[in-house]
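Structural overview for review
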Amino acid sequence: MKKGTKETVVSNNGKGKKIALIAIIAIIVIAVIATIIYFVVKNNKEEEAQKAQNENSLIDMNNTENAEIIEGNKQNTSEALVQNKVYEGMTITGINLAVYDGVSSFTATVENTSDKDYEGGIVVLIFTNQDGSEYARLEASIPEVKKGESTYIDAGTTSDITNAYDFRIEKATAENTGLNADGSLAEGQENTEQDTVETPAETGNEGTTPATE
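Since we're looking at a predicted model, the values are computed, not measured.

The rules we used
- Residues numbered from 1 in each chain as written.
- Predicted model: local features only at pLDDT ≥ 70, side-chain atom pairs only at ≥ 80, totals over all residues.
- Heavy atoms only, no water.
- Core = buried A, V, L, I, M, F, W, Y, C linked by side-chain atoms within 4.5 Å.
- Buried < 20%, exposed > 50% of the residue type's maximum accessible area, 1.4 Å probe, protein only.
- Helix = DSSP H or I, 4+ residues; strand = E, 2+ residues; numbered from the N terminus.
- Contact = heavy atoms within 4.5 Å.
- Pairing = 2+ DSSP bridges.
- Phe/Tyr/Trp six-rings, centres within 6.5 Å; stacked < 30°, edge-to-face > 60°.
- Axes fitted to C-alpha atoms, helices over the stretch in contact; angles between N-to-C directions.

**Overview of the nonpolar core**
In terms of nonpolar packing, the biggest core is built from 25 residues, with Phe106, Val123, Leu125, Phe127 and Phe167 touching the most fellow members. Secondary-structure elements contributing two or more residues to this core are strand S4 (90-100), strand S5 (103-111), strand S6 (121-128), strand S7 (134-142), strand S8 (150-157) and strand S9 (166-171). Element by element, the count of residues in this core is highest for S7, at five residues. Filtering out sequence-adjacent residues up to four positions away, phenylalanine 106 remains in contact with Ile95, Asn96, Leu97, Leu125, Phe127, Ile153, Asp154, Ala155 and Phe167.

Structure below.
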């Protein structure tokens, strides 16, 4: 009687272990399938979003003059454009112009190598073709930077400006932007702004005028 009870217990334990093992395997299989489905759906959504973005984008990925496509991004390759520039005694270095997520992005480091502090202000980046003609322009903001210190320019636009050969920096004026250097509207521009019904284009940090070709 006792022997039979022991054998039954052992048998039940064996069945329990098999059931637990089957349950664990089933959970693992379900988890693997769920993970695969998740990544398939995610990739499909990303591909659809990228396709829609490309269809609506102003970026011409086929135009690679002064540019090349690197890992799906358009990168300006002009040696003239990345050469150091000087603005109000400050040195502009680390210049980069590229397209990320459908936006032309301009970044650079501003080193105040002058003998005085820079109060900050709005500037105009005027991009040019190799023959010197204007290719596009973009407004940007240079923050306050004390002498001997550094800051950054970070500006962007949905327009394709990545085929530029070179650029120069000018102080924002009523003539080239309709703005004062501090970003305020120049005299006579207030009424123009109120009368217009056009939607402002996306620009760089604190800029208000889109790049134009």
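**Notes on the pairing of S7**
Counting buried positions along S7 yields eight of nine residues, so the element is predominantly enclosed. Taken together, the eight bridges between S6 and S7 define a ladder with antiparallel strand orientation. Among the inter-strand pairings, isoleucine 122 is bridged to a residue of S7, identified as serine 141. From the end of S6 to the start of S7, which pair antiparallel, there are five residues, and glycine 132 there has a positive phi angle of about 95°.

**Some points on the packing of aromatic side chains**
One pass over the structure, following the stated rule, counts five aromatic pairs. Aromatic side chains phenylalanine 106 and phenylalanine 127 sit 6.0 Å apart centroid to centroid with 70° between the ring planes, which places their arrangement in the edge-to-face category. Of this pair, phenylalanine 106 sits in strand S5 while phenylalanine 127 sits in strand S6; the two residues are 21 residues apart in sequence, bridging distant segments of the chain. Of the two residues, phenylalanine 106 and phenylalanine 127, both sit in the buried class.

**Observations concerning the sheet that holds S6**
Strand order in this open sheet of three strands is S7-S6-S9, and the pairing throughout is antiparallel. Either end of the sheet is taken by a strand with one partner, and the two such strands are S7 and S9. Going across the sheet, the axis of each strand differs from the next one's by a mean of 25°, ignoring polarity.

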